[in-house]
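Fold and contact review
Listed below, chain by chain, are the residues.
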Amino acid sequence: MSAGSQDGSAAEPTEARTLSVVAVTGGVSFPSTTRALTDLLLDKTVARLTAAGVAVDARTVEIREHAQDVATATVVGMRSEELELALKTVEQADLLVVASPVFRGSYSGIFKSFFDLVDSLAMVDKPVLLAATGGTARHTLVIDQALRPLFSFMGDLIVPTGVFASKEDWTIELFPMPWLDERAERAVGQLVRFADLPPQ
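Here goes a summary of the coordinates provided. Note that the structure is predicted; figures quoted are calculated from it, not measured.

**Thoughts on the overall build of the protein chain**
- On a plain count of helices and strands, the protein chain comes out with seven helices and seven strands.
- Reading the secondary structure of the protein chain in the N-to-C direction produces β-α-β-α-α-β-β-α-α-β-α-β-β-α.
- Taking all 200 residues of the protein chain together, the buried fraction comes to 46%.
- Nonlocal contacts in the protein chain, meaning residues at least 24 apart in sequence, comprise 76% of its contacts between residues at least 6 apart.
- Carbon and sulfur atoms make up 54% of the accessible area of the protein chain, which totals about 10900 Å².

Below, the structure written as structure tokens:
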């Protein structure tokens, strides 16, 4: 008997689900190397998934665009529709890429305030790639000392390789230097392993 329902009728084909990949950038300037880094990681993630035949919905959340709404929601408790949509986009993502600039040895204040508003229950078991930018390589440990504890607290599945980029890791045109590109590839490779990829 051919595959089908128990009454012998043909089974309905199941459509492949579109995978939501969201990048969250905590950069406060424009143009921003933090945005350049999330763009690099997001583009590589989409390329990997697309090559594997996965449909992808890729989005970027610029926290600085919601800075005033984040402050209002934190102090008053009222959320704008735009902020609510941004939070839902993060909460409903299948794969998450997050990056913050380093300020005094830690993530930016607006970055932390934004994630304080995210539903922590929605973050449990969510795969996350951590990234950060800073003026010099001496800030590299911010990923392990600040970002990793924050997302571990929320119960995320954090990929082993974090990606830090200082100004020496970019060309003048904001193209990644070879060593940054290689590290980004390695981190993205670890992230996409969490995706339900079709067999090769």
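**Brief notes about the pairing of strand β5 (residues 127–134)**
- With eight of eight residues buried, β5 is to be regarded as a mostly interior element.
- Both faces of β5 are covered, namely the face carrying P127, L129, A131 and T133 and the face carrying V128, L130, A132 and G134.
- Bridge count between strand β3 (residues 95–103) and β5: six bridges; the pairing is parallel. By the bridge assignment, S100 is partnered in β5 with A132.
- The pairing of β5 with strand β6 (residues 157–158) spans two bridges and is parallel. If you follow V128 over to β6, its bridge partner there is I158.
- With four bridges joining them, β5 and strand β7 (residues 163–166) adopt parallel strand pairing. The residue bridging G134 from the neighbouring strand is S166, located in β7.

**Considerations on helix α7 (residues 178–192)**
- In this model, α7 (15 residues) spans 21 Å end to end at C-alpha, consistent with the 21 Å of a helix rising 1.5 Å per residue.
- All of the buried residues along α7 are L180, A184, A187, V188, G189, Q190, L191 and V192.
- In this structure, the buried side of α7 is in contact with α1 (33–51), β3, β5 and β7.

**Overview of unusual backbone geometry**
- A positive phi angle is found at D125, which is not glycine, with a value near 65°.
- Inspection of the secondary structure puts D125 in the loop between α5 (120–123) and β5.
- Residue class for D125 comes out exposed when judged on its relative accessible area of 51%.
- For L174, which is not a glycine, the phi torsion comes out positive at approximately 65°.
- Mapping L174 onto the fold places it in the loop between β7 and α7.

**Focus: the packing of aromatic side chains**
- Scanning the entire structure with this criterion turns up five aromatic pairs.
- Look at Y107 and F111: their rings are 6.0 Å apart centre to centre, the planes differ by 35°, and that puts the pair in the tilted class. Both residues of the pair, Y107 and F111, belong to the buried class.
- Ring geometry for F114 and F115: centres 5.4 Å apart, planes at 85°, overall edge-to-face.
- When its relative accessible area of 2% is taken as the criterion, F115 is described as buried.

Rules and cut-offs
Residues numbered from 1 in each chain as written. Predicted model: local features only at pLDDT ≥ 70, side-chain atom pairs only at ≥ 80, totals over all residues. Heavy atoms only, no water. Helix = DSSP H or I, 4+ residues; strand = E, 2+ residues; numbered from the N terminus. Buried < 20%, exposed > 50% of the residue type's maximum accessible area, 1.4 Å probe, protein only. Contact = heavy atoms within 4.5 Å. Areas by Shrake-Rupley, 256 points an atom, 1.4 Å probe, with all protein chains shown as cover. Pairing = 2+ DSSP bridges. Expected span 1.5 Å × (residues − 1). Phe/Tyr/Trp six-rings, centres within 6.5 Å; stacked < 30°, edge-to-face > 60°.

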